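Structural characterization, general
Below, each chain spelled out in residue letters.
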Amino acid sequence: MNGAPLLSVEGLVKRFAGFVALSEIRLAVAPGERLGLIGPNGSGKTTLINCVSGLLRPEQGAILYDGRAITRMPAFERTRLGIARSFQIPRPFRSMSVLENLMVPLDYVAHRGQLRDTGAQDEAMALLAQMGLAEKAQAFAGSLTQVDLRKLELARALAARPKLLISDEAMAGLSGAEIEEVLALLWRLNETGITVIMIEHIMSAVMRFSQRVICLDAGKIIAEGTPTQMVENPEVRRAYLGA
Amino acid sequence: MTRAGAKFWVGAAAVMLLALAATAILKNEYWFYAGFVVLQFVVLATAWNILGGYAGYVNFGTSAFVGAGTYAAIVAIKALAAPLGVQILLAAGIAGLLGFATGLLTLRLRGIFFSIATVAVAIVLETFIVNWRFVGGSTGIQILRPVDTGLFGSYTKMLFLVMVGLSVAAAAIARTLEISWIGRGLRAVRDNEEAAESCGVPTLRLKLIACTISGALMGAAGAPMAVYQSYIEPASAFSLNYSILALAMPIVGGTAHWSGPVLGALLFGTLQQVVSATISSELNRLVIGVMLIVFVVGAPAGIVGLWRKWAAKRAGAGSP
């Protein structure tokens, strides 16, 4: 890896009561990189993401983003610095329309402190069009299908204009064509310079998309390498892929 | 100003002129005596809704803020001989501070835990007042109404108009919050707090703003009670009635729009006055209970929700 990393995690430890969810996690993500995060259920992937995005505070270790320590920073400030995420189980703002869901990050991040939201509305509509949700802009988020909820989840993360996008199983439950659609979108985003961390169980997607893959098991990094190296790694096969 | 904004202010001006006309025309003081109580609940329900309706944090401690307001006014009268305007401002300030402090201590708690903490605040505050001799302690305190100024005909009429003004101010503040970026952030908090935080919404800060404004308005509504009742004791100043009604009225009216708590309070408050004046004050509790059950089961979005449903149906039927 050349140059300073965009995100680096150093010796991260997270415990829930006695249970060690993450132990001594150490990783770095370069600007513009596409990183895949795999591992069995309960291996700590989402916990790691929650620590990075600020919803959980680690017991030990440090998180550096763009050269500054953000370990204790509240989640909303991290979003403003450019870390955006989607949730594994979609968490839409159910009482709002799809368009309004996007207006929240637009109001609070990109268009903060502006009185009129006409520019923000256009930006929200453009994002919805990009995600194929334009026709549902006025629909209530609570009435969307699973597929549309996942798209909304990503669209809302993008509305925060991230530099680092963390996609937590954005493709779970999607059909083959829809997976291709989301992958293509993430690729386009990456080409514009957005760093992407992808947590995914759909191996075909994560292996094709990622430049580098990290495999977690029981709160530890057990392997790291290119997708090809990972498929061949005996540790990964034992813990996750299945021999 | 937007068209909706212009409409609101024209409506507000009309309400105030009507109230002024009423004080000139109606001779029976009872109307204003009862109207004061109804309007006090308009302020309380509107204030409650800023935190409870918009942000989804159910405050069971409205009585703490009302009582704080009433006793702040008593202190202002006793220590400074301050006029009513100063009493209200001081009460709003104290109750706002109380809201901020309560928020700081409790807003990290979610759901039912927050609600329980607010009940505790009311109890702690009442206990404090009971043991404070300067404001009368548990036996209460007699407040002498100032000599009638002759303004607006009588002191009761003047108090009624003050409450009209506070109601309009409360509705205006709630509406301003609702349509601003703060309102959208609070709704995001209510729908999903973690998602809101991840969207860049400073959730704790917004909740603190809501709690402070809500508390300040409740305190302002409690301040005129000192001169309205002339005799104040802790049990009535911190009455559980405030906490229950301030929560029930927005639920009946609808929590999503500023007009919900206003409608709920006008309907509920008036009904309460009518029932306790014509039938009995005991029965009026029953009426509250039955209405609450009917609305929670039959119309969870309140009167405003019913209205919107009806309007949507009509619009749908009207188009080809």
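Below is a short write-up of the structure. Just so you know, these numbers come straight off a predicted model, no measurement behind them. (Residues numbered from 1 in each chain as written. Chains lettered and ligands numbered in written order. Predicted model: local features only at pLDDT ≥ 70, side-chain atom pairs only at ≥ 80, totals over all residues. Heavy atoms only, no water.)

1. Thoughts on the pairing of strand S3 (residues 34–38) of chain A
All names here are of chain A.
- S3 sits mainly inside the fold: 5 of its 5 residues count as buried.
- Residues Arg34, Gly36 and Ile38 line one face of S3 and the alternating positions Leu35 and Leu37 line the opposite face, and both faces are buried.
- Here 4 bridges tie S3 to strand S8 (residues 195–199), and the two strands are oriented parallel to one another. Each residue of the ladder has a partner; that of Gly36, found in S8, is Met198.
- The sheet contact formed by S3 and strand S9 (residues 212–217) spans 4 bridges and is parallel. Along S9, the bridge assignment pairs Gly36 with Val213. (Buried < 20%, exposed > 50% of the residue type's maximum accessible area, 1.4 Å probe, protein only. Helix = DSSP H or I, 4+ residues; strand = E, 2+ residues; numbered from the N terminus. Pairing = 2+ DSSP bridges.)

2. Brief notes about the pattern of salt bridges
Residues and elements named next belong to chain A.
- Summed over all chains, the structure comprises 19 salt bridges over all chains.
- We note a salt bridge from Arg212 to Glu224, for which the minimum N-O separation is 2.5 Å. With Arg212 in strand S9 and Glu224 in strand S10 (residues 220–225), the pair connects residues that are 12 residues apart, well separated along the chain.
- Classification of Arg212 as buried rests on a relative accessible area of 13%.
- A relative accessible area of 44% places Glu224 in the partly exposed class. (Salt bridge = Lys/Arg side-chain N within 4 Å of Asp/Glu carboxyl O.)

3. Some words on the interface of chain A and chain B
- Listed as interface residues are 23 residues of chain A and, on the opposing side, 20 residues of chain B.
- With both chains or domains summed, chain A and chain B bury close to 1,900 Å², and 56% of this area falls on carbon and sulfur atoms.
- Of all residues in chain A, Phe76, Phe93 and Tyr108 of chain A give up the largest surface area on contact with chain B, accounting jointly for 33% of the area buried on that side.
- Summed over the shared surface of chain A and chain B, the number is 4 salt bridges.
- A salt bridge links Glu100 of chain A to Arg187 of chain B; the nearest nitrogen and oxygen atoms lie 3.1 Å apart.
- Of all the elements in the fold, those that place two or more residues in the side of chain A that touches chain B are helix H2 (75–81) and helix H3 (98–110) of chain A.
- Here the side of chain A that touches chain B takes 7 residues from H3 of chain A, the largest share from any one element.
- Per-class residue counts for the side of chain A that touches chain B are 13 nonpolar, 2 polar and 8 charged. (Contact = heavy atoms within 4.5 Å. Buried area = accessible area lost by both parts, 1.4 Å probe. Nonpolar A, V, L, I, M, F, W, Y, C, P; charged D, E, K, R; others polar.)

4. Considerations on the sheet that holds strand S1 (residues 7–16) of chain A
All names here are of chain A.
- Taken in spatial order, the 4 strands of this open sheet run S2-S1-S4-S5, and their pairing is antiparallel. The open sheet has two edge strands, strand S2 (19–29) and strand S5 (68–69), and neither has a second partner.
- Examined bridge by bridge, S1 and S2 share 7 bridges and lie antiparallel to one another. Looking at S2, one finds that Leu7 is bridged to Val29.
- Against the sheet, helix H1 (residues 45–53) contacts S1, S2 and strand S4 (60–65), and its axis sits at roughly 115 degrees relative to S1. (Axes fitted to C-alpha atoms, helices over the stretch in contact; angles between N-to-C directions.)

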